[in-house]
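Report on the structure
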Number of protein chains: 2
Amino acid sequence: MVYVLLFFIFGLYVLDYHYKDNRLNQAAQEGIRGSIDEKYVMVTFQAGIEYWKSGLKGFEDAAEALNVSVEYRGATQYDLHEQITVLEQIIARKPAGIAISAINPQELSATINKAVDAGIPVVLFDSGAATSKAYSFLATDNYVAGATAARKMASLVGENGGVAVMTQPNQMNHQERTRGFLETMDREFPRVKVEAVQDGKYDSMSSRQATYELMSRYPNLKGIFATQANQGVGVAEAIQNLQLDGKVKIISFDTDKATLDLVKQGSIAATMGQGTWKMGYWSLQFLFHVKHGLVAPGSGTEANMTALPPFVDTGITVVTQGNVDQFYAK
Amino acid sequence: MVYVLLFFIFGLYVLDYHYKDNRLNQAAQEGIRGSIDEKYVMVTFQAGIEYWKSGLKGFEDAAEALNVSVEYRGATQYDLHEQITVLEQIIARKPAGIAISAINPQELSATINKAVDAGIPVVLFDSGAATSKAYSFLATDNYVAGATAARKMASLVGENGGVAVMTQPNQMNHQERTRGFLETMDREFPRVKVEAVQDGKYDSMSSRQATYELMSRYPNLKGIFATQANQGVGVAEAIQNLQLDGKVKIISFDTDKATLDLVKQGSIAATMGQGTWKMGYWSLQFLFHVKHGLVAPGSGTEANMTALPPFVDTGITVVTQGNVDQFYAK
């Protein structure tokens, strides 16, 4: 009986030791993780559109890896005041962090600063607000994207001949894409001439019309770079109608379904895919790092731009017939 | 007896259940962590200089957080062939990842590509190699650093008067710092005139001499921006010797001890602190993410620039008398 009891106690001891030892190893190896009641919020505008899906997936994937929670919110419309109201509501609930794509580069700053001043980490993704106190901005470097498009276009037209740009002249990101395209052509491909920079007015119908005019003025045009997806669709329709499909090389922007279908068919030779998953993934990582104080020694919340890298270029992937399939939303 | 045995078995069962349950929770909450036998290597040149310490600290801090190991290697001299040899040796041992500051923007690419082709993740930090297959480049955006210096200088001189730049005209990063300074002054501060851009030849003696010449040509000069630390020291010495200390505002670059001492004394009004800790920290995070496949869906090792953000601006902190103490190496 005594032996049985001793055996029993020994059995308990061994198991308990094993359990403690295991916990000790865990402490040394626990890695980077949060708790499930930490909630990080992603805020957009026109919240229902396809464009945000991949960024949200990145945000969710990082949250899963780090064992924290996420919520997706946004203005339903393209409406500044609606986005401000949504942001105010979120701040009131004191989440662990906020990643926001700003509908306007100036008008969101006061509300963003209110969040930062209340101790809530904020990063910007996709569309920035340079004058705000947000810790970081994660987005496509649009100048580099334009340069990448120029190199692809040069290659498509054999580094020789006339090309054109279909853009939106009043919006910063489109100006940068155009500037990157023009300056890279000028510097690296002296035999490619950019004949015209056309206003596609952000929609496919205007871009179709503008393409007809362009082709009648420059009938030997070998390529058109559209800096925006709707414009790319309009250019492709015009080129198809003119039966110049394949002869005039089209480069477009983004990876919405309509554009991908035209890439798959071969009407659009290439489209510039933005690193939206990376915007979401690294936004959450950055917020988590500020929340948990995993930042440069000495960088307080006051010196907010020093805690994290102030800018991350999430890059461009050139999407062609060869790799288009992996870009359809799953 | 039977009861004792039953009790014993029940005891074992409860403990074991408790243990399993705990493991289950761990699995759900395990966070991001590696194993201690994963070794990540940081590679520099002139490996013993003070400049690398903070970047290595960031690399080590990330490794500790992620439960992986690090090693620091580098060419002892400013020697391309030595760095190539060191890199070749490291590749042969197949580490989990390599973060390298390239001594030369072209000549390292073949060896870097060899590592990437062998399945070893490589990122560049501080000094890049644009044509290599490295996954990312984490560094100061030198144009932005120059723009930041311009805004600080404008503020120091009351947004009015003549200033000058002491730089190294043949090196890319210094050209970018100068361009950022000039263009920002031009665009944002029309009443500040940059009178001269002088060659400081990368050392304090030449910069001292160049400052004497500058001050005799432009006796009303209100500020000098030195794009490099040794040059900043030379400028400060000249201004002290001319007894113009405090009258001519000096902005320098980097946070070596000599520069920090001059900031503390008030001879140098501000110096541009690079985000070296962040370069190291996020280099290790990035390598870990590639190694563990925590990257955008569909981005294989072939499409290496798409797995991670291709560029991270690690930012600038303006170091003044007010915050200088936290920048001394601990």
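Here the structure is shown first, and the text comes after it.
1. Describing the sheet that holds strand β2 (residues 69-74) of chain A
The 12 strands lie next to each other as β2(A)-β1(A)-β3(A)-β4(A)-β5(A)-β11(A)-β11(B)-β5(B)-β4(B)-β3(B)-β1(B)-β2(B), forming an open sheet whose pairing is mixed. Only two strands of the sheet have a single neighbouring strand rather than two, namely β2 of chain A together with β2 (69-74) of chain B. Going across the sheet, the axis of each strand differs from the next one's by a mean of 20 degrees, ignoring polarity. Alignment of strand β1 (residues 39-44) of chain B against strand β3 (residues 97-100) of chain B, held across 4 bridges, turns out to be parallel.

2. Looking at the sheet that holds strand β6 (residues 161-167) of chain A
All names here are of chain A. Strand order in the open sheet formed by 6 strands is β7-β6-β8-β9-β10-β12, with mixed pairing between adjacent strands. Two strands close off the open sheet at either side, each with one partner strand: β7 (192-199) and β12 (316-319). For this sheet, the mean angle separating the axes of adjacent strands, direction not counted, is 20 degrees. Where strand β9 (residues 249-253) and strand β10 (residues 270-274) come together, 3 bridges link them in parallel fashion. Bridge pairing in β10 links Ser-252 to Thr-271. Helix-sheet contacts for helix α6 (residues 172-188) involve β6, β7 and β8 (223-226), and the interaxial angle to β6 is about 170 degrees. Where helix α8 (residues 229-241) meets the sheet, it contacts β6, β8, β9 and β10, and its direction lies at approximately 160 degrees from that of β9.

3. Quick notes on the pairing of β9 of chain A
Residues in a regular strand project their side chains so that they alternate between the two faces of the sheet. Residue and element names in this part refer to chain A. Burial of β9 is extensive: 5 of the 5 residues sit out of reach of the surface. Taking every second residue as pointing to the same face, both faces of β9 are buried, with Lys-249, Ile-251 and Phe-253 on one and Ile-250 and Ser-252 on the other. Relative to β9, β8 runs parallel, the two sharing 3 bridges. The residue bridging Gly-223 from the neighbouring strand is Lys-249, located in β9. This β-α-β element, β8 to α8 to β9, shows right-handed connectivity. Traced from β9 through helix α9 (residues 257-265) to β10, the parallel crossover comes out right-handed.

4. Here's the deal with the packing of helix α8 (residues 229-241) of chain B against helix α9 (residues 257-265) of chain B
Residue and element names in this part refer to chain B. Running from N to C, α8 and α9 point in directions that differ by 40 degrees, and their axes come no closer than 9 Å. With respect to their mutual orientation, α8 and α9 come out oblique. The interaxial crossing formed by α8 with α9 has left-handed handedness. Mapping the contact onto sequence places Ala-229, Gly-232, Val-233 and Ala-236 in α8 and Ala-258, Thr-259 and Leu-262 in α9. Of the residues assigned to the contact of α8 with α9, the class counts are 5 nonpolar, 2 polar and no charged.

Procedures and definitions
- Residues numbered from 1 in each chain as written.
- Chains lettered and ligands numbered in written order.
- Predicted model: local features only at pLDDT ≥ 70, side-chain atom pairs only at ≥ 80, totals over all residues.
- Pairing = 2+ DSSP bridges.
- Helix = DSSP H or I, 4+ residues; strand = E, 2+ residues; numbered from the N terminus.
- Axes fitted to C-alpha atoms, helices over the stretch in contact; angles between N-to-C directions.
- Contact = placed C-beta atoms within 7 Å.
- Buried ≥ 20, exposed ≤ 12 C-beta atoms within 10 Å, placed from the backbone.
- Right-handed = clockwise from strand over helix to strand, strands pointing away.
- Parallel < 35°, antiparallel > 145°, perpendicular 65-115°, else oblique.
- Left-handed = near helix turned anticlockwise from the far one by under 90°.
- Nonpolar A, V, L, I, M, F, W, Y, C, P; charged D, E, K, R; others polar.

In short, shape yes, function no, at least from these values alone.
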